[in-house]
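As a plain string of letters, each chain reads:
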Amino acid sequence: MNRLLLILTDLDGSLLDHEGYSYEGARPALEKIRELSVPLVFVTSKTRAEVERLQGEMGIREPFISENGGGIFFPAGYRGFSIPGAEKQGAHSLIRLGMPYAEIRRFVEGRRARFGLRGAGDLGLEELAALTGLTPEQARLAKRREFSEPFLLDDDGKLEALREEAAAAGLTITRGGRFYHLIGIGQDKGAAVQRLAAIFRENGAGELLTVGIGDRPNDVPLLAAVDISVLIPHPDGRYEDLKLPNLIRAPHPGSRGWNEAVRGLLEGMKDRTA
C-alpha cells in the first residue's frame, strides 16, 4: 500500500541554524521535498506571524503548528479538507489547543518581581533582538504571541518553585534553545502532531508515514509521536539524551544535518511514498 509521507519539523536549531537562522544548508533536501510534493509541516515555538513570513520566503503552502503546539493552522481550502471545530483566521483555518496569551501574561505579571521573571512581553524589541540574534522586524513578529510566553529567569534555582505555581494555574514549563516557555498543561508539539495527522487521515489521506525532526527538550513530544524521528545535535555536537525506536541521529547541527538526514530518508522511501 502506498503511504503519504508527512515531514514534521522543528525550526530553530533544526531546519534553521541556531546562529543566524539560515536554512541555506537544507536547500537540496527542500528542493527534493518540493519535487516529490511531500507535505512539510513546521512544528515550532515561533509565532504564527513568524511562520507565515518564513513560509512566504520559502514558497511553502502547508499546515503548521505554532508556539509549542498552541495552534494548528491549515491554509484555507487545503486539499479540500473538512476540519470540524476550526475557526477562520485570515488565510487559515485554526484549531486552538493552547491557553490564551492574555491568561499566561497575567500569570507572568503576578510573579515577575518575586521570581526575577522576564517574559517576551516584558522585553523591548532591541533587547529581544540582542538576546536572540533576530532583526528588529523579526523580533516584532516574535512578540505577536497567542498561546505561549518565552521567558528568562534571573536565578534558575527558582525554576522548580515557579513550575509548582505554574501547575496550580494550569500551566507547564518547557525548554527551547534560548528560553523557557510557559504553555498550557496538555499543550505540546506531540499532541498537536497527533491531531494534525488525524485530520489528514479523516480526510482520506490513507496510511501516513510520519517523520519528526527536532533538537531540544520541547521537541521530545514531537519525536515520540511519529514513526521515524530525527534528532539534530546541538551546535557543540551534543545530542539530547533520548531513546526512541526508529531514531536517527543527524550527523551535523542545524540545516546541514537536517539536509543530510532528510535526503537519506527520501532516497530510502522513494518506493513507499505516495
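Predicted model only: the values in this text are computed from it and were never measured.

**What about the packing of aromatic side chains?**
Link 1 in the chain: According to the stated counting rule, one finds 8 aromatic pairs in the structure shown.
Link 2 in the chain: Ring plane angle 55° and centroid distance 6.2 Å describe the contact between Phe 74 and Phe 81, whose orientation is recorded as tilted.
Link 3 in the chain: Phe 81 gets classed as buried once you look at its relative accessible area, which sits at 15%.
Link 4 in the chain: Ring geometry for Phe 151 against Tyr 180: centres 5.5 Å apart, planes inclined by 25°, an arrangement best described as stacked. Of the two residues, Phe 151 is situated in strand S8 (residues 149-153) and Tyr 180 in strand S10 (residues 180-184); the sequence distance between them amounts to 29 residues.

**Some thoughts on unusual backbone geometry**
Link 1 in the chain: With phi around 60°, Tyr 21 is a residue other than glycine that occupies positive phi space.
Link 2 in the chain: Its location among the elements puts Tyr 21 in the loop between strand S1 (4-9) and helix H1 (27-36).
Link 3 in the chain: Residue Asn 246 is not a glycine yet carries a positive backbone phi of 60°.
Link 4 in the chain: As for its placement among the helices and strands, Asn 246 is situated in the loop between strand S12 (228-231) and strand S13 (247-249).
Link 5 in the chain: On the basis of relative accessible area, Asn 246 is assigned to the exposed category, the value being 54%.

**Here we look at the pattern of salt bridges**
Link 1 in the chain: One pass over the full model with this rule turns up 23 salt bridges.
Link 2 in the chain: For Glu 24, the salt bridge goes to Arg 27, with nearest N and O atoms at 2.9 Å.
Link 3 in the chain: Sharing partners across several salt bridges, the network here consists of Arg 105, Glu 109, Arg 112, Asp 122 and Glu 149.

**Quick notes on helix H4 (residues 125-132)**
Link 1 in the chain: Every buried residue belonging to H4 is among Leu 128, Ala 129 and Thr 132, and all of these are buried. Buried residues along H4 cover an arc of 100° about the axis, so they all sit on one side. When the buried face of H4 is taken as reference, the exposed residues oriented beyond 90 degrees from it are Glu 126 and Ala 130.
Link 2 in the chain: A positive backbone phi angle near 85° is found at Gly 133, which sits one or two residues after H4.

**A closer look at the sheet that holds S1**
Link 1 in the chain: Read across the open sheet, the 9 strands follow the order S5-S6-S4-S3-S2-S1-S11-S12-S13; overall the sheet is mixed. Each edge of the open sheet is held by one strand with a lone partner, namely strand S5 (87-89) and S13. Each strand of the sheet is rotated relative to its neighbour by a mean of 25°, with strand direction disregarded.
Link 2 in the chain: As paired elements, S1 and strand S2 (residues 40-43) share 3 bridges and run parallel to each other. Opposite Leu 8, over in S2, you have Val 41 as the bridge partner.

**Here's the deal with the layout of surface pockets**
Link 1 in the chain: Volume-wise, the largest pocket comes out at about 260 Å³.
Link 2 in the chain: In terms of lining, the largest pocket is formed by 14 residues, of which the most central are Leu 30, Ile 33, Arg 34, Gly 59 and Ile 60.
Link 3 in the chain: Among the elements that line the lining of the largest pocket, the one with the most residues is H1, at 5 residues.
Link 4 in the chain: Residues belonging to the lining of the largest pocket are distributed by class as follows: 7 nonpolar, 2 polar and 5 charged.
Link 5 in the chain: Considering only enclosed or pocket space, the second largest pocket measures out at about 170 Å³ in volume.
Link 6 in the chain: Along the walls of the second largest pocket sit 13 residues, with Gly 20, Tyr 21, Arg 53, Leu 54 and Gln 138 positioned nearest its centre.
Link 7 in the chain: If you list the elements that add at least two residues to the lining of the second largest pocket, you get helix H2 (48-58) and helix H5 (136-142).
Link 8 in the chain: Here the lining of the second largest pocket is composed, by residue class, of 6 nonpolar, 3 polar and 4 charged.

The rules behind each value
Residues numbered from 1 in each chain as written. Predicted model: local features only at pLDDT ≥ 70, side-chain atom pairs only at ≥ 80, totals over all residues. Heavy atoms only, no water. Phe/Tyr/Trp six-rings, centres within 6.5 Å; stacked < 30°, edge-to-face > 60°. Buried < 20%, exposed > 50% of the residue type's maximum accessible area, 1.4 Å probe, protein only. Helix = DSSP H or I, 4+ residues; strand = E, 2+ residues; numbered from the N terminus. Salt bridge = Lys/Arg side-chain N within 4 Å of Asp/Glu carboxyl O. Arc of directions from axis to C-beta. Pairing = 2+ DSSP bridges. Axes fitted to C-alpha atoms, helices over the stretch in contact; angles between N-to-C directions. 1 Å grid on protein atoms, 1.4 Å probe; cavity = no way out; pocket = protein on both sides within 12 Å on 5 of 7 lines; lining within 4 Å. Points joined across faces, edges and corners; volume = space filled by probe spheres on them. Nonpolar A, V, L, I, M, F, W, Y, C, P; charged D, E, K, R; others polar.

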